[in-house]
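Each chain, letter by letter, is given below.
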Amino acid sequence: MIPTIGVLALQGDVREHVLAFEGLGVGVRDVRRPDDLEGLDGLVLPGGESTTLSLLLGSSGLFDPLATALRGGLPVFGTCAGMILLATDVRDGREDQRRFDAIDLTIRRNGYGRQVASFETQLAVPSLGEALLPAVFIRAPVVEAAGPGVEVLATLPGTDGAPDRPVVCRQGNVLVASFHPELTPDRRLHRLFLDMTDEESG
Amino acid sequence: MSDTSSTPGGGRPTGTFTVKRGLAEMLRGGVIMDVVDAEQAKIAEDAGAVAVMALERVPADIRRDGGVARMSDPAMIEGIKAAVTLPVMAKARIGHFAEAQVLAALGVDFIDESEVLTPADEAHHIDKWAFEVPFVCGATNLGEALRRISEGAAMIRSKGEAGTGNIVEAVRHLRSILGDIKKITQADQAEMFAWAKELQAPLGLVQEIAETGQLPVPLFCAGGIATPADASLVMQLGAEAVFVGSGIFKSSNPSLMARAVVEATAHFTDASLVAKVSTGLGDAMAGQEISTLGVHLAERGW
């Protein structure tokens, strides 16, 4: 069976994730309404504005069924804003910003700074092989703390005395990245997510 | 730089084209709202805007007041930056690279080199490659869009006719840009040269469009959006996000209008949803017939 991956398509860089998964030969579906969740093998929460996404998740009626699906083990991959939506604790967000509480992380929104501080780099991700992974950080969220159940797959070394920060994390069915693997051609993180959907269905 | 780039997390270049275009990509499917103070910025954020455009007067007022329209007061931009967590954009005059330098120094997230302000240079747009902050520029046709991209723009928006509440010009510009892109994807190799000449655009960009079928940067719509249905229209035509200038805060109920445009942009193909959010909005901004205008802002820039 070819798996079907849903991409939350309310706002953000939806197309890049769609193209990434299409390139890996799986089925992809835009998710805008609750019935779009039917029969998905995995879901992506893309980059975008987390405050906007939070609001649209509420008004579209997607929030509650999605929260239920995540508790039921639906594999989910969140990048940047998507990671913020999945975390248990969000700093510098809006009071009314909604979260799925799906991965035990303390996140600071825009923690790496405004757009002028956005950057590209190369990350070591030992579990994905020796080659460094290109990573684009855009007004990116900082992971300030990761709970004991969280597996940290990659860390960004601190500069100028700042601490090292986790930037790729996994807990159970949840995979998150502070940056945008969908903006670069390296598909190892998207593949890793497909492996997670295999484990879930197998 | 080269000796650190092979070290994990070593090289960390900022202001690369990928980083600039990346922010434009994150705004897709969203609404960018013009705001003139912190209070309006909060209303925009509460309504689900993906970014705000800080400016002293919305285009409808600039049009009414006449005179020279310039970059906004830095204090006002700082006030808006402090009020919201969203990306903050601000406008510089066409060709006024010193205004752009000031905006960059203030740490704005995106600069709009905008025909809504009075142009400062009649022959040259800003060299946008010289900046780490990304730029958006207006275009009325594909040639203009490609010239702006060759100057370093990370996002293109239709010019439309700002401050009129009349969508007809934005529709014309979007159809022109997207129509020519379609034609170029059908063109053979020899025809590329003629297209480059006709559009007065770099051959390399024309060839890239022939291959990908899209602009190398996101294409947003601006200039005349006044209702949720306007947003749905331009999104269906192929815009990837919308700017709303006067349309929000010149309507009778800005919060409601802002929220409705956000919903209609996200669900632009869902007509029953657009119908629902269009209900009971009060008055949209007063519109103007294009033929009655004294000044055509879209004619500024080249």
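Above this note sits the structure.
Reference entry: report on the structure contained in this document. (Residues numbered from 1 in each chain as written. Chains lettered and ligands numbered in written order. Predicted model: local features only at pLDDT ≥ 70, side-chain atom pairs only at ≥ 80, totals over all residues. Heavy atoms only, no water.)

1. Quick word on the pattern of salt bridges
And then number 1: In this structure the tally under the stated criterion is 39 salt bridges over all chains.
And then number 2: Close ionic contact of D112 of chain B with R157 of chain B constitutes a salt bridge, the shortest N to O distance being 2.9 Å. Note that D112 of chain B is positioned in strand β4 (residues 110-114) and R157 of chain B in strand β6 (residues 155-158), a separation of 45 residues in sequence.
And then number 3: Beyond isolated ion pairs, a larger network of salt bridges with shared partners links D89, R91, D92, R108 and E144 of chain A. (Salt bridge = Lys/Arg side-chain N within 4 Å of Asp/Glu carboxyl O. Helix = DSSP H or I, 4+ residues; strand = E, 2+ residues; numbered from the N terminus.)

2. Let's talk about the interface of chain B and chain A
And then number 1: With 49 residues of chain B at the contact, the number on the chain A side is 43 residues.
And then number 2: Both faces combined, the contact of chain B with chain A buries some 3,500 Å², and carbon together with sulfur accounts for 51% of it.
And then number 3: When residues of chain B are sorted by the area they lose upon contact with chain A, R12, M26 and R28 of chain B head the list and together hold 20% of the total.
And then number 4: Where chain B touches chain A, the interface holds seven salt bridges.
And then number 5: For D46 of chain B, the salt bridge goes to R94 of chain A, with nearest N and O atoms at 2.7 Å.
And then number 6: Joining chain B to chain A, the criterion identifies 24 residue pairs in polar contact (both at pLDDT 80 or more). (Contact = heavy atoms within 4.5 Å. Buried area = accessible area lost by both parts, 1.4 Å probe. Polar contact = N/O pair within 3.5 Å; in protein donor to acceptor, adjacent residues only side chain to side chain.)

3. Section: the sheet that holds strand β6 (residues 103-108) of chain A
Residues and elements named next belong to chain A.
And then number 1: Read from one edge to the other, the open sheet built from three strands follows the order β5-β6-β9, with strand pairing classed as mixed. The two strands at the open ends of the sheet, each matched to only one other strand, are β5 (87-91) and β9 (142-146). Between one strand axis and the next, the sheet turns by 25° as a mean value, whatever way the strands run.
And then number 2: Looking at chain direction, β6 and β9 are connected through four bridges and run antiparallel. Along β9, the bridge assignment pairs L105 with A146. (Pairing = 2+ DSSP bridges. Axes fitted to C-alpha atoms, helices over the stretch in contact; angles between N-to-C directions.)

4. Here we look at the sheet that holds strand β2 (residues 27-31) of chain A
Residues and elements named next belong to chain A.
And then number 1: What the seven strands build is an open sheet, ordered β2-β1-β3-β4-β12-β11-β10; its pairing is mixed. A strand with exactly one partner marks an edge of an open sheet, and here the two such strands are β2 and β10 (151-156). Each strand of the sheet is rotated relative to its neighbour by a mean of 20°, with strand direction disregarded.

5. Some remarks on the pairing of strand β11 (residues 165-171) of chain A
All names here are of chain A.
And then number 1: Across the seven residues of β11, five count as buried, placing the element largely inside the fold.
And then number 2: Pairing geometry for β10 and β11, over five bridges, is antiparallel. Within β11, the position partnered with L156 by the bridge is R165.
And then number 3: When β11 meets strand β12 (residues 174-177), the two strands line up antiparallel, connected through four bridges. (Buried < 20%, exposed > 50% of the residue type's maximum accessible area, 1.4 Å probe, protein only.)

Just geometry here; none of it tells us what the structure is for.
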